[in-house]
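Listed below are the residues making up each chain.
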Amino acid sequence: MDIIPFGFDIISSMAIFVLAVLGLGVIASMMGIFNFAHGEFLLVGAYTVYLAQANNIPTWVGMLAAPVVVGAIALVLERIIIRRFYATPVAAMISTFAIGLVLREGVRLLLGGQFYSVDAPLIGSFFVGNVAFSKWRVAIIVATVLVLGVSYLLLSRTRIGLYVRASLENPSLARASAISTDRVYAATFAFGAALAGLAGGLMVPIYSLNADIGVPFLIKSFLAVMVGGMGSLGGSAIGAAFVGAFAAGLPWAIKPVVADVLVFVLAILFVKYRPSGLSSPWRR
Amino acid sequence: MAIDHQKLSRPVLPWIEGGLFTLFLFLPLVLEHYWVLFITRVVILGLLALSFDLVWGYVGILSFGQALFFGGGGYCAALIATKLQVTSVLILLPSAVAGGMILSFVIASIVLFGRRSPTAVFVALGTLTGSYVAERLLQGWTYVGGQNGIPSLPRLTIGSVEIEEGIRFYYLAFGLLILVYLGLRWLVRSQFGLVLGGIREQEERLSFLGYKTQNYKGIVFCLAGMVAGLSGGLYVFHEGFVGPAQVSPMFSTQVALYAMFGGAGTLVGAVIGTGFVEAVGYYVSQYWEMGWPILLGFLLLIIVTYRPGGLISFVVPDRERVGAFGGKDADVGLELEDKCHGHA
Amino acid sequence: MSKDSIELLKSHSRRLFMQRAALFSGMIALGGGSYILNPKKAWGADPIKVGFALDLTGPISVQGIPCANVAKMLVEDINAKGGIIGRPLQMYLEDTATNESLAVTRVSKLVQKDDVDVVIGGITSSMRNAIKDTIINRGKKLYLYPQLYEGKECTQYLFCTGPTPAQQCDTFVPWLMKNTGKKFYFAGADYIWPHTLDAYAKKVVEENGGEIVGEEYSPVDQVEYGATVHEIMTKGTDVVFTTLIPPGLPVFVKQLYEAGFRKRGGRIASVLYDESTMTISSPAETEGLASCLDYFRAVDDPFSKELFEKYTKLFGTKNPLSAAGGSTGTYRAVKLWEAAVKESGSIKRDAVAAALDHAKISEGPGGGAEFVPGTRHVRMNMYTAVAKDGKFDIVDKSNGPVAPKECLPK
């Protein structure tokens, strides 16, 4: 019966990863920009939830507010700063790096450099026989599936999704067809950021909140996106699922310290030898 | 933008370099002991920032992993000092350099080499990951102290003379900085440097011309790793301590910040950036303890957005800089053309 | 952002500011994480400079801030009563920021630039190890370390005022075995304190006929314990003796709770938990948890209660006086050092060290304390307590001060 808790652990870890990486994947594969502030978007989402708790507002309200807050901030940033750098991706990376720095230090200032814990809206576990399933982790799995579903539908079935796909395949033609590519880019960036904010908000009950939680997520997210293959949203999700599975699975077999390092090393080597990632056979 | 031929004959950079050299040469003689320690640290970290500028400003490799070579070199030297009871500078510093070199070679072979040239993003990410992995490994490895690091390092010695922190250590570090600086300066203004500039601008075209660009990149990357290792060796003996935080991504990105702030592609800009950030940081945090990092982030953002040339671009025209990112490409192309056609 | 949300943000950071406002009121920020508290009125004599190196930011700040608060309270007290040997105290505070590399730089400032006469501080063992050389060898100063730790620190001029493994395990482990069960699992963070403390605890377990069913050390910042928790559950563990620290500790406790560990009769033992640490977990998760320290808020001798009330009046309830965080150790360090200076009449390192060797205070949180001569460790009362509904109940008190059993002559 060992397999069930093991399996649940893996699935819930995969779900958390996919949720965290989706936002980066959207921005990276759709705009070609690697958002170095991704970890900090997660952080701001988490912070929003913490603020709610600190002011006696129910945390689930904070969790709904998180994507809105982060999306709004991202929209502003995109208008003022990011859009100058679409022609030079490297400069864009550096500018997002600077933005991440400002956000991280800003949150550090607001947190007073301390660590806080946030309670999940659902505490405790379901028990199926002898096996415990943390209620909140189940909720995250459900949320991830929903988010994936909604994103897919948004992209493939709606008009907005059509505009987005058009702008990314052929910007000039899209503009010629009266699509405002400027607005599309802004919306995409904001959407990716909002996803990150939502992820941060949903995850914060599991990890304690402090100004540096973004950094390891940044690295893992990058790796996941590259493992999955830039160029498709599905690819990022798959990459994240893989990385998440490994991150949760390896410690069951080997020492946690080694496992942690191994995930990164394997991911980097994989990307080196297969730069197009896992999803290369597929197209979006 | 057209070349201003009159300006060609009046370069500003050497004046800045000369001025700073003189200033730093005599500064410790007038400062209190604590401040001598402070500028020693600036000098040592400036060396590290130089290593970043070398790869980023001149070759266009965004290395977010310089701390790995810095800390790695530091650990090498610290281990030899504590496990083998050696304190001589002549053994420890070269071992730090060697540590930096070996590590950078390993990272280069994963991140830089390969059948196809890796993207800038992959390099940045790969080096950042290297730094992160190293930090985690060191935290868990008891032989090198784990989270504790290696404390109580002995002082460096030349023969029987101990190099205490203070004036002695300062001049050691300063001397090494000057040596490395001159060496790098010569390198980037030579034919070799020209190739580097070419790699940064148009790597593909250069490789079509027959240059093995990967070899050049590898050499420079390892060179930068060696410089970073040297800096690390000096740093850990100055502080008397080495720990996993010194290979961390946080530290790597801090170094990148120093160099970008000061101005990439000028070598001296990296040192200026280090000094500026450290000094201003110390004073500003008197009034706003927790606010300084956020202010720093804002300043970096402003510089990156509006003045990619960094602080030094306020004084030094873009023409004299070989390194610039995000725009001003025309200028640099023209300067290279200048050199090719044998202008001053 | 709407006006309401801005207000929300402001009120929150204002509250945060208030938490540390009491500490910093009257202090001057010197830049780079340094603070100084000058004696209030004019004195005839030069001040004695007391240096404190504590984590005011970072994960350990929850322990560092109360230590700093206690330090400030005592320094102001001592000054109000006429100082020591006719001289006032000037307090220098450095933020070691839970970053050993940064701490070394800042502590070197304390001993070189500020030239303090003594350094008290360092909370985690890795911090202590990082800064002790800077203080004792390079700075040639006296160093008092206030926090509970793994023992075996016998460096000259380094005096420890926190509980040692012998004090925390000798009576605690048998109590755990009697009141829960014999199967022990050790879950710790991967650095020196957990490894060394667990080695001692395992010895006591085996000497008392217990069984060790597993042992696992995780990276300090690991926040995922599914595998460990599962192993604990499948091995039929009675007691989980954990030496994890934040940020992993609250996550681990939560995951254990969610797995139903307590439901089937298990108990967590963590010597890092007391009333103030409780804030990192919810009451349901810590129900039944046992701890053994030199002081709990529940300790009810008059002096302790009075001290606690005085502290709370000055600094509020957010960062309370606590033993797990080292603030009681800081109390002892300052007071014992004061006694030593009074006895030796000087602040020269050797003179004070000689007096400190047998220094004694008759009152303190949890009781008095006394250095065991020749060992640089302190004899003190120990209490075992169990968490109930977010508070602690004392279930066992030592018969008088317990010996630290460290640095004994061979």
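Rules of the game
- Residues numbered from 1 in each chain as written.
- Chains lettered and ligands numbered in written order.
- Predicted model: local features only at pLDDT ≥ 70, side-chain atom pairs only at ≥ 80, totals over all residues.
- Helix = DSSP H or I, 4+ residues; strand = E, 2+ residues; numbered from the N terminus.
- Rg over C-alpha atoms; globule rule 2.2 N^0.38 Å.
- Buried ≥ 20, exposed ≤ 12 C-beta atoms within 10 Å, placed from the backbone.
- Contact = placed C-beta atoms within 7 Å.
- Axes fitted to C-alpha atoms, helices over the stretch in contact; angles between N-to-C directions.
- Parallel < 35°, antiparallel > 145°, perpendicular 65-115°, else oblique.
- Left-handed = near helix turned anticlockwise from the far one by under 90°.
- Domains from an automatic or database assignment.
- Nonpolar A, V, L, I, M, F, W, Y, C, P; charged D, E, K, R; others polar.
- Pairing = 2+ DSSP bridges.
- Right-handed = clockwise from strand over helix to strand, strands pointing away.
- Expected span 1.5 Å × (residues − 1).
- pLDDT = per-residue confidence, 0-100.
- Core = buried A, V, L, I, M, F, W, Y, C linked by C-beta atoms within 7 Å.

Draft legend 1. Highlighting the overall build of chain C. Counting its secondary structure elements, chain C contains 13 helices and 17 strands. Whereas a compact globule of 410 residues would reach a radius of gyration of roughly 22 Å, chain C reaches 21 Å, a difference of no more than 12%. Principal-axis analysis of the C-alpha atoms gives chain C an extent of 70 × 70 × 40 Å. For chain C, the residues scored as buried account for 60% of the 410 residues in total.

Draft legend 2. Region of interest: the overall build of chain B. Along its length, chain B carries 13 helices and two strands. Across the 344 residues that make up chain B, the buried fraction comes to 54%. Of the contacts made within chain B by residues no fewer than 6 positions apart, 76% connect residues no fewer than 24 positions apart.

Draft legend 3. Molecular detail of the packing of helix 12 (residues 327-344) of chain C against helix 13 (residues 349-356) of chain C. All names here are of chain C. In contact at an axis separation of 8 Å, helix 12 and helix 13 are set at 115° when each is read in the N-to-C sense. Considering the angle they form, helix 12 stands roughly perpendicular to helix 13. For the crossing formed where helix 12 meets helix 13, the hand is right-handed. Taken together, the residues of helix 13 that come into contact with helix 12 (itself represented by Leu336, Trp337, Ala340, Val341, Glu343 and Ser344) are Ala351, Val352, Ala354, Ala355 and Leu356.

Draft legend 4. Highlighting the domain arrangement of chain C. All names here are of chain C. Each domain of chain C was delimited in the assignment, giving domain 1 (27-163 + 319-380) and domain 2 (166-270). Here domain 1 and domain 2 have C-alpha centroids that lie 31 Å from each other. By residue class, the composition of the side of domain 1 that touches domain 2 is four nonpolar, three polar and two charged.

Draft legend 5. Quick look at the interface of chain C and chain A. Opposite the 29 residues of chain C that make contact, chain A presents 27 residues. Those elements that place two or more of their residues in the side of chain C that touches chain A are helix 1 (3-24), helix 2 (61-80), helix 8 (226-234) and helix 9 (248-258) of chain C. It is helix 1 of chain C that contributes the most residues to the side of chain C that touches chain A, six residues altogether. Considered class by class, the residues forming the side of chain C that touches chain A number 14 nonpolar, 12 polar and three charged.

Draft legend 6. Seen up close, the pairing of strand 5 (residues 118-121) of chain C. Residue and element names in this part refer to chain C. Side chains of strand 5 alternate between two faces, with Val118 and Ile120 and Val119 and Gly121 buried alike. Pairing of strand 3 (residues 48-54) with strand 5 involves four bridges; the strand directions are parallel. Of the residues in strand 5, the one forming a bridge with phenylalanine 52 is isoleucine 120. In terms of strand pairing, strand 5 meets strand 6 (residues 142-145) through three bridges, oriented parallel. Directly across from valine 118, in strand 6, lies its bridge partner leucine 142. Crossover strand 5 to strand 6 through helix 4 (residues 125-138) is right-handed.

Draft legend 7. Inspection of helix 2 of chain C at higher detail. Residue and element names in this part refer to chain C. Relative to the 28 Å expected for 20 residues at 1.5 Å per residue, helix 2 spans 28 Å between its end C-alpha atoms, a close match to the ideal helical length. Most of helix 2 is tucked away, with 15 of its 20 residues classed as buried. Among the residues trailing helix 2, glycine 82 stands out with phi positive, at a value near 105°.

Draft legend 8. The interface of chain A and chain B, seen in detail. In this complex, chain A contributes 32 residues to the contact, which on the side of chain B involves 30 residues. Contributions of two or more residues to the side of chain A that touches chain B are made by helix 4 (89-111), helix 9 (214-228) and helix 11 (256-273) of chain A. Broken down by element, the residue count for the side of chain A that touches chain B peaks at 13 residues, all from helix 4 of chain A. When its residues are assigned to classes, the side of chain A that touches chain B shows 23 nonpolar, four polar and five charged.

Draft legend 9. Highlighting unusual backbone geometry. Residues and elements named next belong to chain C. Positive phi, close to 75°, is recorded for tyrosine 157, a residue that is not glycine. Along the chain, tyrosine 157 turns up in the loop between strand 6 and strand 7 (158-160). The backbone phi angle of lysine 405 is positive, close to 55°, even though this residue is not glycine. Taking the C-beta count within 10 Å as the criterion, lysine 405 has 17 such neighbours and is therefore assigned partly exposed.

Draft legend 10. Just the packing of helix 3 (residues 59-80) of chain A against helix 8 (residues 181-203) of chain A, in detail. Residue and element names in this part refer to chain A. One way to put it is that helix 3 packs onto helix 8 with a least axis distance of 7 Å and a crossing angle of 145°. Crossing of helix 3 against helix 8: the hand is right-handed. Only Ala186, Phe189, Ala190, Ala193, Ala194, Leu195, Ala196, Gly197, Leu198, Gly200, Gly201 and Leu202 of helix 8 make contact with helix 3, whose side of the interface consists of Gly62, Met63, Ala66, Pro67, Val69, Val70, Gly71, Ala74, Leu75, Glu78 and Arg79. A class-by-class count of the residues in the contact of helix 3 with helix 8 yields 16 nonpolar, five polar and two charged.

Draft legend 11. Structural detail: the confidence of the model for chain B. All names here are of chain B. For chain B, per-residue confidence averages 81 on the pLDDT scale, and residues scoring 70 or more make up 87% of the total. Within the model, the stretch residues 5-9 combines pLDDT values under 50 with five contacts to residues more than four positions away or in other chains. In the model, residues 323-344 has pLDDT below 50 throughout and makes 35 contacts with residues more than four positions away in sequence or in other chains.

Draft legend 12. Fine view of the environment of proline 317 of chain B. All names here are of chain B. Tracing the backbone shows proline 317 in the loop between helix 12 (292-306) and helix 13 (329-340). Look at proline 317 and you get partly exposed, because 15 C-beta atoms sit within 10 Å. Taking the C-alpha atoms as reference points, proline 317 and glycine 240, separated by 77 residues in sequence, lie 41 Å from one another.

Draft legend 13. Quick look at the confidence of the model for chain C. Residues and elements named next belong to chain C. A residue-level look at chain C finds 95% of positions with pLDDT of 70 or above and a mean pLDDT of 87. Of all the helices and strands in chain C, helix 1 carries the lowest mean pLDDT, 60, while strand 6 carries the highest, 96. Under the prediction, the complex receives an ipTM of 0.81, its pTM being 0.82.

Draft legend 14. Structural detail: the nonpolar core. By size, the foremost hydrophobic cluster in this structure holds 342 residues, and its most contacted members are Val243 of chain A together with Leu50 of chain B. Among the elements that make up this core, the one with the highest residue count is helix 3 (residues 33-59) of chain B (18 residues). Counting only domains with at least three residues in this core, you end up with domain 1 (27-163 + 319-380) and domain 2 (166-270) of chain C. Aside from chain neighbours lying at most four places away, what touches valine 243 of chain A is Phe17, Lys220, Leu223, Ala224, Val227, Val263 and Ala267 of chain A.

Draft legend 15. Layout of helix 12 of chain C. In this model, helix 12 of chain C (18 residues) spans 26 Å end to end at C-alpha, consistent with the 26 Å of a helix rising 1.5 Å per residue. Trailing helix 12 of chain C by a residue or two, glycine 345 of chain C shows a phi angle of about 70°, which is positive.

Draft legend 16. Examining the environment of serine 313 of chain B more closely. As for its placement among the helices and strands, serine 313 of chain B is situated in the loop between helix 12 and helix 13. Remark: the alpha-carbon pair of serine 313 of chain B and glycine 19 of chain B, spanning 294 residues in sequence, is separated by 17 Å.

Draft legend 17. Spotlight on the pairing of strand 8 (residues 183-189) of chain C. All names here are of chain C. Burial of strand 8 is extensive: seven of the seven residues sit out of reach of the surface. Taking every second residue as pointing to the same face, both faces of strand 8 are buried, with Lys183, Tyr185, Ala187 and Ala189 on one and Phe184, Phe186 and Gly188 on the other. One ladder, built from seven bridges, connects strand 8 with strand 9 (residues 211-218); its direction is parallel. Bridging from a neighbouring strand, alanine 187 pairs with glutamate 216 of strand 9. Following the chain from strand 8 across helix 7 (residues 192-207) to the adjacent parallel strand 9, one finds a crossover that is right-handed. Sheet topology places strand 8 next to strand 10 (residues 239-243); five bridges connect them, and they run parallel. Bridge pairing in strand 10 places phenylalanine 186 opposite phenylalanine 241.

Draft legend 18. Layout of the environment of alanine 353 of chain C. Structurally, the position occupied by alanine 353 of chain C is in helix 13. Once residues lying within four places of it in the same chain are set aside, the contact partners of alanine 353 of chain C are Leu142 and Tyr157 of chain C.

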